[in-house]
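Chains, contacts and geometry: an overview
Residue-level listing of the chains:
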Amino acid sequence: MQKIDCKGLACPEPVIKCRDYIESNKPKEFQIIVDNAPAVENITRFAENNNYLVSNVLNNNEHEYILTLVNNGSEVKSEVPHFERSAFFTDTSIFTKVPMFKELAENYEDYLAFTKEHSKTVVFLSTDLLGHGDDELGAKLMENFLASLAEINIWQIILVNGGVRLATKEGKNLESLRRLEKMGVKINVCGACLNHYGLYDQKKIGETTNMLDIVTTLDTADKVIRP
């Protein structure tokens, strides 16, 4: 069985190698070796949404995970846009699970029509404070900022660097993020950043993501808010 060694590769290279191998070879079965838990989560999500099942994850130690991927016998639908594939959205059932889409879209085709008519606004947060000067004031301003986002139409929120702390600590910020998620806002939390700060196991909300997903989301957005 073909093995792809991705140990030591920075995000998002393991996902890119997985994608490129699938597109070039269309294998029935292969293995990927990575050295961190966020990479396991990102590859698993990418595989499952590109018609591969992760049949086994062998965890030799905290620095080596061997994932076995098996094709489930189907192909990615041609009508699914490139962005939806690269951003792990080919599982179209997500669009009827989220409350916003239960109200606004009955199926995937309705979702595509919805996104054509509505602005895709992304909020990009690289810190858990708002502004510079006084950290205590910055923390309060961030609480007010997140609480106010419910008043406008937000598509996705991206948390990177120190911003990932917002997804790990109980309090007003997490309450605001949970409220937004219930409204249908997708919360993306950088896996490499969580790993860097030792917070991977403390994430309480959102989807662990990688830089490929983040860059693709920013490229697709109609508007990016970066306070």
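Reading guide: rules and limits
Residues numbered from 1 in each chain as written. Predicted model: local features only at pLDDT ≥ 70, side-chain atom pairs only at ≥ 80, totals over all residues. Heavy atoms only, no water. pLDDT = per-residue confidence, 0-100. Contact = heavy atoms within 4.5 Å. Helix = DSSP H or I, 4+ residues; strand = E, 2+ residues; numbered from the N terminus. Buried < 20%, exposed > 50% of the residue type's maximum accessible area, 1.4 Å probe, protein only. Expected span 1.5 Å × (residues − 1). Arc of directions from axis to C-beta. Polar contact = N/O pair within 3.5 Å; in protein donor to acceptor, adjacent residues only side chain to side chain. Pairing = 2+ DSSP bridges. Axes fitted to C-alpha atoms, helices over the stretch in contact; angles between N-to-C directions.

Before going further, it helps to spend a moment on the confidence of the model for the chain. Per-residue confidence for the chain gives a mean pLDDT of 83; residues scoring 70 or more make up 80%. Here residues 76–105 is a poorly scored stretch, pLDDT under 50, and it has 61 contacts once near neighbours within four places are set aside; other chains count.

Before going further, it helps to spend a moment on the side chain of aspartate 128. Position of aspartate 128 among the secondary structure elements: in the loop between β5 (121–125) and α7 (135–148). The class of aspartate 128 is buried, set by a relative accessible area of 18%. Those residues in contact with aspartate 128, other than ones at most four positions away along the chain, are Met142, Gly162, Gly163, Arg165, Leu166 and Lys169.

Helix length check: α7 (14 residues) gives 20 Å between terminal C-alpha atoms against 20 Å at 1.5 Å per residue, within 8%. Every buried residue of α7 is accounted for by Gly138, Met142, Phe145 and Leu146. Each buried residue of α7 lies within a common arc of 90 degrees when the element is viewed along its axis, so the set occupies one face. Of the surrounding secondary structure, the elements contacted by the buried residues of α7 are β5, α8 (172–182) and β9 (223–225). In this structure aspartate 134 caps α7, since a side-chain oxygen of it lies 3.0 Å from the backbone nitrogen of glutamate 136.

Turning our eyes to something else, we now look at the sheet that holds strand β1 (residues 3–5). What the 4 strands build is an open sheet, ordered β1-β2-β4-β3; its pairing is mixed. Of all the strands in the sheet, the pair left with one neighbour each is β1 and β3 (52–61). With strand direction ignored, the average angle separating the axes of adjacent strands in the sheet is 20 degrees. Looking at chain direction, strand β2 (residues 29–34) and strand β4 (residues 64–71) are connected through 6 bridges and run antiparallel. Bridge assignment links isoleucine 32 to a residue of β4, and that residue is leucine 67. Against the sheet, helix α1 (residues 13–25) contacts β1, β2, β3 and β4, and its axis sits at roughly 165 degrees relative to β2.

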